[in-house]
Amino acid sequence: MTTMGDDDRYDITVRSAGLRRRRITEKSFAGLAVASAVIAVGILGLVLGTVVHKGLSQLSLDFFTKARPLFGQSGGIADALVGSVLIVGMAMLMAIPVSILVAIFMSEYAGPRLSVALRVVLDVLNGVPAIVVGIFVFGLLVVGRGQSAIFGAFSLAVLMLPMVARATQEVLEIVPRSLREASLALGVTRWRTTLSVVLPTAIGGILTGVVIAVARVAGETAPLLFTSSIAANAISTDVTHALPTLPVTIFVFSESPDPGEQAAGWAAALVLIAFVLVLNVVAKVVAGRTQRRLGR
Amino acid sequence: MTSVGYDPAAPGSGLERRGIRLGDVLFQGVAVAASVAATALLGLIAYQVVSDAWPAIQEFGLAFVWTEAWDPVKDSYGALTFVYGTVVTSFIALLLATPLSIAIALFLTEIAPRRVAAPIATMVELLAAIPSVVLGLWGILVFGPWVRDTLEPWLQGFLGWIPLFSGEPSQAGMLPAALVLTIMIIPITSAICRELFARTPHDLMDGAMALGSTRWEAIRGVMFAYAAPGIAAAVLLGLGRAFGEAIAVNQVIGGANSIDISLFAPADSLGSRIAAQYQGATSQLQASSILYLGAILMVISLVTNVVAQAIVTRFERSRRAY
Amino acid sequence: MSHTQREKKLMKKALALTLALASVVAIAVVGGRAEAAPARATGTLVGTGSTFVFPLVSKWIPEVAKAYGTDITYSPTGSGAGIAGVTARTVDFGASDAPLSAQQLADCKGCVVIPWALAAVSIPYNLPGLNGRVHLNGQTLANIYLGSITSWNDPAIKKLNPKLDLPDTKITPVYRSDSSGTTFAYTAYLSAVSQQFSRRVGTNTSVNFPTGVGARGSSGVAGVVKNTPGALTYVDAAYSIQNKLQFATIQNRAGRFTTPGIRGITQAVSQLPKNVTSLSQLKIVDPPKAAGPLAYPISTFTYVILPTNSAKAAELRKFVYWTVTQGQKFGLPLFFVPLPTSVKAFAYRELAKVKGAA
């Protein structure tokens, strides 16, 4: 047996060459793991850093009050901001009630087989690529009628539905049965129980799911390209016509050769990321609260 | 004795006396309607895409999938270029992202002290929060030129004798697209792996280490074996995401019409081609060919997702045996 | 700090940021309203299509609003999207630099195609520090886009540019990945001057270029050229000028190297018949020697496509009439030449066919 010249004579890992090799393997894989984490954080820093660095200087009052520029002019993203808020807002109104109802059906009424079948349906829906949803809504609604913010909102709602439904269903399952049974034992009707007892208990998890879904669709470009991309360069709240949106605006600016438009693209990206990050933070906080309340 | 005045348990209307509660029936009906609507939505999507693609399906048949052509002048189309682009970019992304994601998950669950793990975990999640169009913006303006000026010449220096790394460096092509996809799927895969590793029963690990294995050997022998199906599912979910990404890929892949063996050359993927050309199709046949691409994409994503879910379900079922 | 305290801090930060963002949006709406459009529209027209004509349409939009109050919404998505949009009636008018084919006219179910502007396709390139402007001809361009000429110091290019120090940089031909009328005009030119190109690639708004990099929109191709040393593309002259890209001079049938300027375009259209009766007479690429020594060989008309039967017929007629008459003068600084009289007459005749739901 060779000695490694190391300190502790009772440390079994330094007793033999085989053990030394294992120790080196151990250290190197630990090193690789650390390196990977550093790479991931590094990339995040790189992307976010570039967005902040290039976008921050563009943020001016003009940027937030002027509409997108025509050829050869300067402008801002005011109309895209308004459009995004309206479209995401409408998408939430369309998706949330339906998603919660589906989740309620799955956890309160459906038998185990039906519940699993619906879960599969939702998971498949979740896997439909956003671009396919875009051409679906285009073919179904836009052809013959023209684009509109409502159709854009509908396409985003289609994307949100499986996310919110699954998140809600998972939280509903965690609500203790005893709560439901106690309420029913007191004579409260089934639907009242669900609405006034189960849902409020689960509200934290539902909110988390909603916020995460909103954060995800706020940045979606593909469906909006087909449903709400031909819009006037002026602030408008007319949802029966197409409205400009932040993601589509960033997409157009990203391909522009004009340094002014590119800079505007970075700034718009900064605003979008800020919005998405805020939502993610809110989701985390609410999730933390819910976990503690449900005693996970 | 309470004088409540209202006894919620006493039957009210005639319906109630027969055991039917109107509120319950209505509510359940609405919930059922919502579920039916959700299912119908899925069916409608499939139906709409396939029926819009039907003229092309009729014209070209299944051979469309392996035909390399895209010529609006001759009105002759084939999906091979884009299927190749989708598959190659996604698999390269998978190859790069999987070890990285597993390593990150291991770092977060096994190696990092809790104080360090929490913020780093948050940061990896933030990477997922970056919208794909912003990654594409960064790809066009920053990453692409860097790939062209630094990465590709460096790769060509080492590996230029392999056809994959031959050809002229370009800021738009298969390689930048694959790398952008890698960045996108790392957060998804690593988050799932992290959950898996955190849930590994620690007595199994402790037992292995009590028998004298090092940390890494315990991880490799026990944790991976335990989590293998989950990791497979995570990998497949990441793959599904990569398949479906259209916008960021469109921004950096270069929109080529034919297959080039070199990873540096411009290429195109299913989602990217749909995004670029759907609105401007010059003929009905081109429009339905583009939708045929959409149908192929839908099928690929569907299969990937279903397989991933099946693995997860079997995994959960066998876990219950523990 | 305890868990709930940390949570509260985080929540406060999130709320503060949300409030900030909300107030930003509020400022946008209020501030924007304050400087909103003057006289509110008597109507709105939505159109899409050609990126080629976008610089001119951008000039027209505020002028039309001033002149008689119609709000025009126009989104540059490529000629193909313009044709498809008006065919599917998802927009009120479409703009395209490519005339409609017989099949497309049939699919459009009652549309007229009216020329409303005239400009040229420039060939910008990226060769920093070159001691002069590059001369090219149709044959060389065709070979570049066919992939048989791959570097700037190819003998064919050297022959046309004896005085230039051409580097051995690789040429990256950039083309339009979307369906583009500029592609139509450019490939029409290349097919006219090169039989090989005509056979292998052909003429269309979207073709199968055997080599090169694709980008979306006139903006996109100009952008790639700007960022890529050695790149070359075909794009409306206004984009080259706007982005300070150097463009090549192209040899015409008279043997002279010409630029896509006012004189070049004016001479290119000088051979039109006095009485224009069909769109096929409006093909002006590769003009004959008789056109003039300065004739630029890649000039093109660009068209607006209107449904003959539309609820907005009156507004459309007013709009297009304005563009064809008063609108023409706004194009000169952007290298758009006013329409010749014979073409204007053709335009009026076609416009009269737009009647509306009677």
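Above this note sits the structure.
A.B. asks: Please clarify how the pattern of salt bridges should be interpreted in this entry.
C.D. replies: A side chain with one charge may pair with a side chain of the opposite charge, provided their charged atoms come close. Tallying each qualifying case throughout the model produces 19 salt bridges over all chains. Between Glu-125 of chain B and Lys-284 of chain A there is a salt bridge, with its nearest N and O atoms 3.6 Å apart. Remark: Lys-284 of chain A occurs in helix H11 (residues 259-293) and Glu-125 of chain B occurs in helix H4 (residues 114-129); the pair is interchain, linking two chains. When its relative accessible area of 35% is taken as the criterion, Glu-125 of chain B is described as partly exposed. We classify Lys-284 of chain A as partly exposed; its relative accessible area is 39%. Note that Arg-176 of chain C and Asp-178 of chain C form a salt bridge whose closest N and O atoms lie 3.0 Å from each other. The pair Arg-176 of chain C / Asp-178 of chain C is uniform in exposure class, with both members buried.

A.B. asks: What's the story with empty space enclosed by the protein in this structure? I'm lost.
C.D. replies: Which parts of space are left empty comes out when a probe the size of a water molecule is rolled across the atoms. Scanning the model with the defined rule gives 5 cavities of 30 Å³ or more in all. Quantified by volume, the largest cavity comes out at close to 800 Å³. As for the largest cavity, its lining consists of 44 residues, and the residues nearest its centre are Val-252 of chain A together with Phe-54, Ser-75, Pro-76 and Ser-219 of chain C. Listed by contribution, the elements that provide at least two residues to the lining of the largest cavity are helix H10 (246-254) of chain A, helix H10 (270-277) of chain B together with strand E2 (70-76), helix H9 (217-227) and helix H10 (237-242) of chain C.

A.B. asks: Is there a simple way to explain the interface of chain B and chain C in this structure?
C.D. replies: Accessible area lost when the parts come together is the quantity often used to give the size of an interface. Taken together, the contacts link 26 residues of chain B with 30 residues of chain C. Between chain B and chain C, the buried area comes to about 1,900 Å², and carbon and sulfur atoms account for 45% of it. On the chain B side of the interface with chain C, the three residues burying the most area are Val-73, Asn-257 and Thr-282 of chain B, jointly 24% of the side's total. For the pair chain B and chain C, the number of links is 0 salt bridges. Linking chain B with chain C are 9 residue pairs in polar contact (both at pLDDT 80 or more). Looking at which element gives the most residues to the side of chain B that touches chain C, the answer is H10 of chain B, with 3 residues. Within the side of chain B that touches chain C, the residues separate by chemical class into 9 nonpolar, 13 polar and 4 charged.

A.B. asks: How should the environment of Asp-97 of chain C be read in this particular structure?
C.D. replies: All names here are of chain C. Position of Asp-97 relative to the elements: it lies in the loop between strand E3 (93-96) and helix H4 (102-108). Each C-alpha atom of the pair Asp-97 and Thr-182 lies 6.3 Å from the other, and the pair is 85 residues apart in sequence. Those residues in contact with Asp-97 that lie beyond four places of it in its chain are Ser-50, Phe-52, Ser-79, Gly-181, Thr-182, Thr-300, Phe-301, Thr-302 and Tyr-303.

A.B. asks: Sorry, what's going on with unusual backbone geometry here?
C.D. replies: Most peptide bonds take the trans configuration, and most residues that are not glycine carry a negative phi. All names here are of chain C. Here Arg-89, not a glycine, exhibits a phi torsion of approximately 55°, which is positive. The residue Arg-89 is located in the loop between helix H3 (79-87) and E3 in this model. The class of Arg-89 is partly exposed, set by a relative accessible area of 28%. The backbone phi angle of Lys-109 is positive, close to 55°, even though this residue is not glycine. Its location among the elements puts Lys-109 in the loop between H4 and strand E4 (111-122).

A.B. asks: I tried to follow the packing of helix H6 (residues 149-174) of chain A against helix H2 (residues 22-60) of chain B on my own but got confused; where do I start?
C.D. replies: Relative orientation and spacing of two packed helices are given, respectively, by the angle between their axes and the distance between those axes. Two elements in contact, H6 of chain A and H2 of chain B, have axes whose closest approach is 12 Å; the angle formed by their N-to-C orientations is 115°. Relative to H2 of chain B, the crossing made by H6 of chain A is left-handed. Across the interface between the two elements, Phe-154, Val-158 and Leu-161 of chain A from H6 of chain A touch Ala-38, Leu-41 and Ile-45 of chain B from H2 of chain B. Its residues assigned to classes, the contact of H6 of chain A with H2 of chain B shows 6 nonpolar, no polar and no charged.

A.B. asks: Please explain helix H5 (residues 132-159) of chain B as it appears in this structure.
C.D. replies: Two residues of an α-helix separated by three or four positions point the same way, owing to the 3.6 residues in each turn. Between its terminal C-alpha atoms H5 of chain B stretches only 30 Å, short of the 40 Å expected from 28 residues at 1.5 Å a residue. Bending of H5 of chain B peaks at approximately 50° at the position of Gly-139 of chain B.

A.B. asks: Teacher, can you tell me more about the nonpolar core here?
C.D. replies: One recurring pattern in soluble globular proteins is that nonpolar side chains are buried together. Judged by nonpolar contacts, the single largest core of 197 residues is most densely connected at Ile-131 of chain A together with Ile-45, Val-134, Phe-197 and Ile-231 of chain B. Considering every element that reaches this core, the biggest residue donor is helix H3 (residues 78-109) of chain A, with 16 residues. Other than its neighbours up to four places away in sequence, Ile-131 of chain A contacts Ala-222 and Phe-226 of chain A together with Gly-244, Ala-246, Gly-271, Ile-274, Ala-275 and Leu-297 of chain B. Of all hydrophobic cores here, the second largest spans 107 residues; its members include Val-64, Ala-248, Tyr-296 and Val-343 of chain C.

A.B. asks: Hey, could you run me through the interface of chain A and chain B in this one?
C.D. replies: The interface is formed by 74 residues belonging to chain A together with 69 residues belonging to chain B. The tally of links from chain A across to chain B stands at 1 salt bridge. One can count 3 residue pairs in polar contact (both at pLDDT 80 or more) joining chain A with chain B. Looking at which element gives the most residues to the side of chain A that touches chain B, the answer is helix H1 (residues 17-56) of chain A, with 20 residues.

A.B. asks: Is there a simple way to think about the state of the cysteines in this case?
C.D. replies: Note on terminology: a disulfide is the covalent bond linking the sulfur atoms of two cysteines. All names here are of chain C. According to the stated counting rule, one finds 1 disulfide over all chains in the structure shown. Across the disulfide, Cys-108 is cross-linked to Cys-111 (sulfur-sulfur distance 1.8 Å). With the S-S dihedral at roughly -70°, the linkage between Cys-108 and Cys-111 falls on the left-handed side. Residue Cys-108 shares its accessibility class with Cys-111, and that shared class is buried.

A.B. asks: Please explain the packing of helix H4 (residues 112-127) of chain A against H2 of chain B as it appears in this structure.
C.D. replies: The N-to-C vectors of H4 of chain A and H2 of chain B enclose an angle of 45°; their axes lie 10 Å apart at closest approach. One element, H4 of chain A, and the other, H2 of chain B, form an angle in the oblique class. The way H4 of chain A lies across H2 of chain B gives a crossing that is left-handed. On H2 of chain B, the residues touching Leu-118, Val-121, Val-124 and Leu-125 of chain A of H4 of chain A are Ser-35, Ala-38, Thr-39, Leu-41, Leu-42 and Ile-45 of chain B. Of the residues that constitute the contact of H4 of chain A with H2 of chain B, the class distribution is 8 nonpolar, 2 polar and no charged.

A.B. asks: Help me understand the sheet that holds strand E10 (residues 235-236) of chain C in this model?
C.D. replies: By definition, the strands of a sheet pair up through backbone hydrogen bonds, in either a parallel or an antiparallel sense. Residue and element names in this part refer to chain C. A sheet is described by the order of its strands in space; here 6 strands give the open sequence E2-E1-E3-E14-E4-E10, paired in mixed fashion. Lying at the two open borders of the sheet, with one neighbouring strand each, are E2 and E10. Two strands pair when backbone bridges link them, and E4 and strand E14 (residues 299-307) are joined in this way by 9 bridges, in the antiparallel orientation. Bridging from a neighbouring strand, Ala-117 pairs with Thr-302 of E14.

A.B. asks: I tried to follow the pairing of strand E1 (residues 43-49) of chain C on my own but got confused; where do I start?
C.D. replies: Regular strands have side chains that alternate between both faces of the sheet. Residues and elements named next belong to chain C. Where burial is concerned, most of E1 is hidden: 6 out of the 7 residues are buried. Note: E1 against E2, 7 bridges, orientation parallel. Within the sheet, the bridge partner assigned to Gly-43 lies in E2 and is Thr-70. At this point the chain moves from E1, through helix H2 (residues 54-68), to the parallel E2, and the crossover so formed is right-handed. As paired elements, E1 and E3 share 3 bridges and run parallel to each other. Bridged to Thr-48 within E3 is Gly-94.

A.B. asks: Would you explain the sheet that holds strand E13 (residues 257-258) of chain C in this entry?
C.D. replies: All names here are of chain C. Taking strand neighbours across the sheet as the criterion, the 3 strands line up as E6-E12-E13 in an open arrangement whose pairing is mixed. Of all strands in the sheet, those bounded by a partner on one side alone are strand E6 (135-136) and E13. Pairing between strand E12 (residues 249-251) and E13: 2 bridges, direction antiparallel. Pairing of Ile-250 across the sheet is with Thr-258, part of E13.

Calculation notes
- Residues numbered from 1 in each chain as written.
- Chains lettered and ligands numbered in written order.
- Predicted model: local features only at pLDDT ≥ 70, side-chain atom pairs only at ≥ 80, totals over all residues.
- Heavy atoms only, no water.
- Salt bridge = Lys/Arg side-chain N within 4 Å of Asp/Glu carboxyl O.
- Helix = DSSP H or I, 4+ residues; strand = E, 2+ residues; numbered from the N terminus.
- Buried < 20%, exposed > 50% of the residue type's maximum accessible area, 1.4 Å probe, protein only.
- 1 Å grid on protein atoms, 1.4 Å probe; cavity = no way out; pocket = protein on both sides within 12 Å on 5 of 7 lines; lining within 4 Å.
- Points joined across faces, edges and corners; volume = space filled by probe spheres on them.
- Contact = heavy atoms within 4.5 Å.
- Buried area = accessible area lost by both parts, 1.4 Å probe.
- Polar contact = N/O pair within 3.5 Å; in protein donor to acceptor, adjacent residues only side chain to side chain.
- Nonpolar A, V, L, I, M, F, W, Y, C, P; charged D, E, K, R; others polar.
- Axes fitted to C-alpha atoms, helices over the stretch in contact; angles between N-to-C directions.
- Left-handed = near helix turned anticlockwise from the far one by under 90°.
- Expected span 1.5 Å × (residues − 1).
- Bend = angle between axes of the 7 residues up to and from the residue.
- Core = buried A, V, L, I, M, F, W, Y, C linked by side-chain atoms within 4.5 Å.
- Disulfide = S-S within 2.5 Å.
- Parallel < 35°, antiparallel > 145°, perpendicular 65-115°, else oblique.
- Pairing = 2+ DSSP bridges.
- Right-handed = clockwise from strand over helix to strand, strands pointing away.

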